[in-house]
Amino acid sequence: MKNFSRKQFLKTAAGAALVMATRVFSTPLHAADKFFREPPWKRKKPYWGFAVDITKCIGCGRCADACKTENEVPREAFYFRTWVERYIIRRNGEVNVDSPNGGMDPFLPPHDPETVTKSFFVPKLCGHCENSPCEQVCPVGATFKTEDGVVLVDRKYCIGCRYCIQACPYGCRYFHPVLHVADKCTLCYHRIKKGLNTACVEVCPTGARMFGDLSDPKSAITKFYETETTNVLKASMGTEPKLLYKGLDKEVR
Amino acid sequence: MKDAQHLLRVIIIFVAALVGFLLVRSFLVPESFGKLGHYRANAVDDVLALPRHYAGEPACKKCHAQQASDKAKSSHRHMSCESCHGALQAHVDSPKTVKPSKPKENEMRAFCGNCHGKSLSRPAKFPQVDLEEHNRGMACNQCHQPHQPK
């Protein structure tokens, strides 16, 4: 102890701090990203997933309207938790996308239908990504993924910095003009936990929207995930959304 | 002896800083934060407490069995009552005071046309009519019953 100089003490302290810091930062991250590599019966129960069959969507916009009603989303045309886009692809390769009031207003017929080679509707909503960018960028932990795989916003804890709105590659978040917090699809968490359908699935007249428990190997959604030829949006970003599209065209962004 | 005193001082400063840090932290970190992950576990309950506006088809069937059984045999069988009649949890809660809405006669062509109007974007197999040509001016339910469409 007698020869323990100040310099030596500081050196030892710095070393100890470094060791502690390494331990803190090397803790493994959330284990949820292993989800898709686990067979269904090993997944946490329940574990919610969503699917959209583009070949069934008729673009009526009931889903967008029902979502606004159920979740008290402001009626102005900038705020949507879900909306329907129409893609029009022409012979010369031109692609037009429109979504009048999120699909709640009628889609007007194109002036030059003879140039159109194909056209279809794409309903959009939060994919509740396994590797959700919005969750990762939140500086205070106000956006989080529940144990059953739903990405939610803590309205009391959100500081309204809008970072998550920037981070979402799918544009699925907006800034709530009244509550002054980030807002997004909750997968109607207040409904599905009581055994009800999400509002959009409830009103969809053609069954183009589907949701269910991925941890149940016999559920319709698991069957859809396992047997249909599907794709996700922006797969290259590695977000692993639990929102699968059947009949997804390469032009859809 | 002098070294030990130095060490003691440093230890006191460290302990004081640690106590101060923990004290401030206990005020700033909300209850239930970190229980399930890097978030406030009670936030889940906040979301679950949000009000519901759509009752769901099973609630409708309890009283409107006739309409439900008509619909179940028709090509509208996969549709929910609230697709056309709107959100009706309020009607389920107080059936006497809150009455469900029906599409009005003069709005019916637009209402039905929302799904059945001809559009090149709709799946070809889906039943569609050209609203400009198909019996102009007539309300849809003069020929088609929405609970038993043909």
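Residues numbered from 1 in each chain as written. Chains lettered and ligands numbered in written order. Predicted model: local features only at pLDDT ≥ 70, side-chain atom pairs only at ≥ 80, totals over all residues. Heavy atoms only, no water.

*Asks:* Looking at this structure, I do not really get the overall build of chain B. What am I missing?
*Replies:* On a plain count of helices and strands, chain B comes out with seven helices and zero strands. Walking chain B from its N terminus toward its C terminus, one meets helices and strands in the order α-α-α-α-α-α-α. The C-alpha radius of gyration of chain B comes to 32 Å, more than 25% above the 15 Å expected for a compact globule of 150 residues. Taken over the C-alpha atoms alone, chain B extends approximately 105 × 40 × 25 Å along its principal axes. Within the span of chain B, comprising 150 residues, buried residues form 27% of the whole. Surface summary for chain B: the accessible area is close to 10,700 Å², and the carbon and sulfur share equals 62%. Across chain B, 21 positive and 13 negative side-chain charges occur, with their mean positions spaced 4 Å apart. (Helix = DSSP H or I, 4+ residues; strand = E, 2+ residues; numbered from the N terminus. Rg over C-alpha atoms; globule rule 2.2 N^0.38 Å. Buried < 20%, exposed > 50% of the residue type's maximum accessible area, 1.4 Å probe, protein only. Areas by Shrake-Rupley, 256 points an atom, 1.4 Å probe, with all protein chains shown as cover. Lys, Arg positive; Asp, Glu negative; His and termini not counted. Charge placed at Lys NZ, Arg CZ, Asp CG, Glu CD.)

*Asks:* I'm lost on the interface of chain A and chain B in this one. Help?
*Replies:* Many analyses report the size of an interface as the accessible area lost when the parts associate. Contacts between the two partners involve 48 residues from chain A and, on the opposite side, 37 residues from chain B. Both sides together, the interface formed by chain A and chain B hides about 3,600 Å², and carbon and sulfur atoms give 61% of it. When residues of chain A are sorted by the area they lose upon contact with chain B, Ile58(A), His190(A) and Glu202(A) head the list and together hold 15% of the total. Viewed at the interface, chain B and chain A are joined by two salt bridges. One salt bridge connects Lys156(A) with Asp46(B), and the closest N-O pair in it is separated by 3.3 Å. (Contact = heavy atoms within 4.5 Å. Buried area = accessible area lost by both parts, 1.4 Å probe. Salt bridge = Lys/Arg side-chain N within 4 Å of Asp/Glu carboxyl O.)

*Asks:* Help me understand the sheet that holds strand β10 (residues 230-231) of chain A, please; the structure alone is not making it clear to me.
*Replies:* Hydrogen bonds along the backbone pair up the strands of a sheet, which may run parallel or antiparallel. All names here are of chain A. Spatially, the four strands line up as an open sheet ordered β9-β1-β11-β10, and their pairing is mixed. At either margin of the open sheet sits one strand with a lone partner, and together these are β9 (209-213) and β10. Sheet topology note: the strand β1 (residues 48-53)/strand β11 (residues 243-246) ladder contains four bridges and is parallel. Residue pairing across strands places Asp-53 opposite Lys-246, the latter belonging to β11. (Pairing = 2+ DSSP bridges.)

*Asks:* Honestly, the pattern of salt bridges in this entry has me stumped. Any pointers?
*Replies:* Any two side chains of opposite charge can pair, given that their charged atoms come close. Throughout the structure, instances matching the rule amount to 20 salt bridges over all chains. The partner of Arg40(B) in a salt bridge is Asp154(A), with the nearest N and O atoms 2.7 Å apart. Pair noted here: Arg40(B) is in the loop between α1 (2-28) and α2 (43-48) and Asp154(A) is in the loop between β6 (151-153) and α4 (163-167), and the two residues belong to different chains. Take Arg40(B) and Asp154(A): they sit in the same class, and that class is buried. A cluster of three or more residues bridged by salt bridges with shared partners is formed by Asp154(A), Lys156(A), Arg40(B) and Asp46(B).

*Asks:* How should the sheet that holds strand β4 (residues 116-125) of chain A be read in this particular structure?
*Replies:* Residue and element names in this part refer to chain A. Read from one edge of the open sheet, three strands run β3-β2-β4, paired in antiparallel fashion. Because the sheet does not close on itself, it has two edges, and the strands there are β3 (95-98) and β4. On average, each strand axis in the sheet is tilted by 20 degrees relative to the strand beside it, whichever way the strands run. (Axes fitted to C-alpha atoms, helices over the stretch in contact; angles between N-to-C directions.)

*Asks:* Explain the domain arrangement of chain A to me, please; I cannot follow it from the model alone.
*Replies:* When the domains of chain A are assigned, the result is domain 1 (6-35) and domain 2 (41-246). Each of domain 1 of chain A and domain 2 of chain A has a C-alpha centre, and these two points are 39 Å apart. (Domains from an automatic or database assignment.)

*Asks:* How should helix α2 (residues 62-71) of chain A be read in this particular structure?
*Replies:* Since the α-helix turns once every 3.6 residues, residues separated by three or four places project in the same direction. Residue and element names in this part refer to chain A. Of all the 10 residues making up α2, eight are buried; the element is thus mostly covered by neighbouring parts of the structure. Of all the positions in α2, only Arg-62, Cys-63, Ala-64, Ala-66, Cys-67, Lys-68, Glu-70 and Asn-71 are classed as buried. Glu-72 occupies a position one or two residues after α2 and carries a positive phi of about 50 degrees.

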